[in-house]
Amino acid sequence: MGEFHDEVSRNNGRFAPLPGDIGLTPGLALVRFCQTAPGEPATRAGHVFGFVGPGETLEALWRVRVLPWAGRRGPCEVWRRRGLSAAQRGAVAEAARAYAGRGYGWWKLAAHLADWFLAWALFGLSLGRRRGEAYVARRLLALERWPICSWVWARAYGQALGLSLGEPGGCATPDGMRDYFKADPAWELVFRRAG
């Protein structure tokens, strides 16, 4: 993995997560590769999780599950939206928690892959002038019943606070979310752990 190797935690290992904080991990190399749009550097984020309570994370793996933060290993970054009240953080966490127990939307990964192929095809046909994401298949397959990791947290922020996490609803990727967090001063990196 080694994707976050160049930086260390700003908090010297002491970290107090808040509901609504969003974590990013490298995830699988194939997933990261298929998120890299034409004209952008290789991605460092391939999976999303978030905090729903003290020491509790929620993430979509085989199923959407609540898991303990304690004992989580490997590289990760945690981002926090500045200026949210405790009630707003709680609303985001509850919107995410509503997905707990649902099955994983594996077929949505196929939609991400189809959009990736389309983005690269458009890049080639435009002789390198058209860069960025394509959002065709993901918009067509935006069903809420079977979420993926980025969907859960993008929808939670959208439903609870009306906020977008940088990409159209139902189209969010861990890479796109990370790019958005880095560019938007309303988000701050509160924790980073190297692998």
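The rules behind each value
- Residues numbered from 1 in each chain as written.
- Predicted model: local features only at pLDDT ≥ 70, side-chain atom pairs only at ≥ 80, totals over all residues.
- Heavy atoms only, no water.
- Helix = DSSP H or I, 4+ residues; strand = E, 2+ residues; numbered from the N terminus.
- Buried < 20%, exposed > 50% of the residue type's maximum accessible area, 1.4 Å probe, protein only.
- Contact = heavy atoms within 4.5 Å.
- Areas by Shrake-Rupley, 256 points an atom, 1.4 Å probe, with all protein chains shown as cover.
- Phe/Tyr/Trp six-rings, centres within 6.5 Å; stacked < 30°, edge-to-face > 60°.
- Pairing = 2+ DSSP bridges.
- Axes fitted to C-alpha atoms, helices over the stretch in contact; angles between N-to-C directions.
- Core = buried A, V, L, I, M, F, W, Y, C linked by side-chain atoms within 4.5 Å.

S.K.: How would you summarise the overall build of the protein if you had to cite specific residues and measurements?
M.R.: The number of helices and strands found in the protein is six helices and six strands. Reading the helices (α) and strands (β) of the protein from amino to carboxyl end gives β-α-β-β-β-β-α-α-α-α-α-β. Scored against the burial criterion, the 195 residues of the protein give a buried share of 48%. Contacts spanning at least 24 positions in sequence make up 71% of the contacts within the protein whose residues lie at least 6 apart. Of the roughly 9400 Å² of accessible surface on the protein, 61% is carried by carbon and sulfur atoms.

S.K.: Can you tell me about the environment of Ala194, naming the residues and giving the values?
M.R.: Along the polypeptide, Ala194 turns up in the segment after β6 (187-193). Relative accessible area serves as the criterion here: at 30%, Ala194 is assigned to the partly exposed category. C-alpha of Ala194 to C-alpha of Cys76: the two residues are 118 residues apart in sequence and 6.9 Å apart in space.

S.K.: An account of the environment of Gly23 is requested, with residue identities and associated values reported.
M.R.: Relative to the helices and strands, Gly23 is located in strand β1 (residues 22-25). Distance in space between the C-alpha atoms of Gly23 and Arg80 is 9.0 Å, their sequence separation being 57 residues. With residues near it in sequence (within four places) discarded, Gly23 still touches His47, Val48, Phe49, Gly50, Glu77 and Val78.

S.K.: If you had to explain the packing of aromatic side chains to someone new, which residues and values would you point to?
M.R.: Evaluation of the coordinates by the stated rule reveals 11 aromatic pairs. Between Phe15 and Trp69 the ring centres are 5.8 Å apart and the planes differ by 70°, which places this aromatic pair in the edge-to-face class. Separated by 54 residues along the polypeptide, Phe15 in the segment before β1 and Trp69 in the loop between β4 (64-68) and β5 (76-81) bring together distant segments of the chain. Taken as a pair, Phe15 and Trp69 share a single burial class, namely buried. Summarising the aromatic geometry, the rings of Trp79 and Phe181 are spaced 5.8 Å apart at their centres and angled 35° between planes, so their arrangement reads as tilted. Of the two residues, Trp79 is situated in strand β5 and Phe181 in helix α6 (residues 174-183); the sequence distance between them amounts to 102 residues.

S.K.: Outline the sheet that holds β1, listing residues and values.
M.R.: Overall, antiparallel pairing links the six strands, which are arranged β4-β3-β2-β1-β5-β6 in an open sheet. Looking at which strands have only one partner, the edges of the open sheet turn out to be β4 and β6. Pairwise comparison of adjacent strand axes, ignoring direction, gives a mean angle of 30° for this sheet. Direction of pairing for β1 relative to β5: antiparallel, over a ladder of three bridges. For Ile22, the partnering residue across the bridge sits in β5 and is Trp79. Here helix α2 (residues 86-97) sits on the sheet in contact with β2 (47-53), β3 (56-60), β4 and β5, set at roughly 120° to β2. Packing against the sheet, helix α5 (residues 149-161) makes contact with β1, β2, β3, β4, β5 and β6, and its axis sits at approximately 50° to β2.

S.K.: Pulling in residues and values, what's your account of the nonpolar core?
M.R.: One finds Ile22 and Trp153 to be the most contacted residues of the largest nonpolar core, which totals 29 residues. Of all elements in the fold, only β1, β2, β3, α2, α5, α6 and β6 reach the threshold of two or more residues within this core. Ranked by residues supplied to this core, first place goes to α5 with seven residues. Apart from the residues within four sequence positions on either side, Trp153 is in contact with Gly20, Ile22, Val48, Phe49, Gly50, Phe51, Val52, Leu58, Val92, Ala96, Leu165 and Met177. Phe49, Cys76, Val190 and Phe191 belong to the second largest nonpolar core, which has eight residues in total.

S.K.: Tell me about the pairing of β3, and please be specific about residues and values.
M.R.: Of all five residues in β3, four are buried, a share of seventy percent or more. When β2 meets β3, the two strands line up antiparallel, connected through three bridges. Bridged to Gly53 within β3 is Glu56. Between β2 and β3, which pair antiparallel in sequence order, lie two residues; one of them, Gly55, sits at a positive phi of approximately 70°. Two successive antiparallel strands, β3 and β4, enclose a turn made up of three residues.

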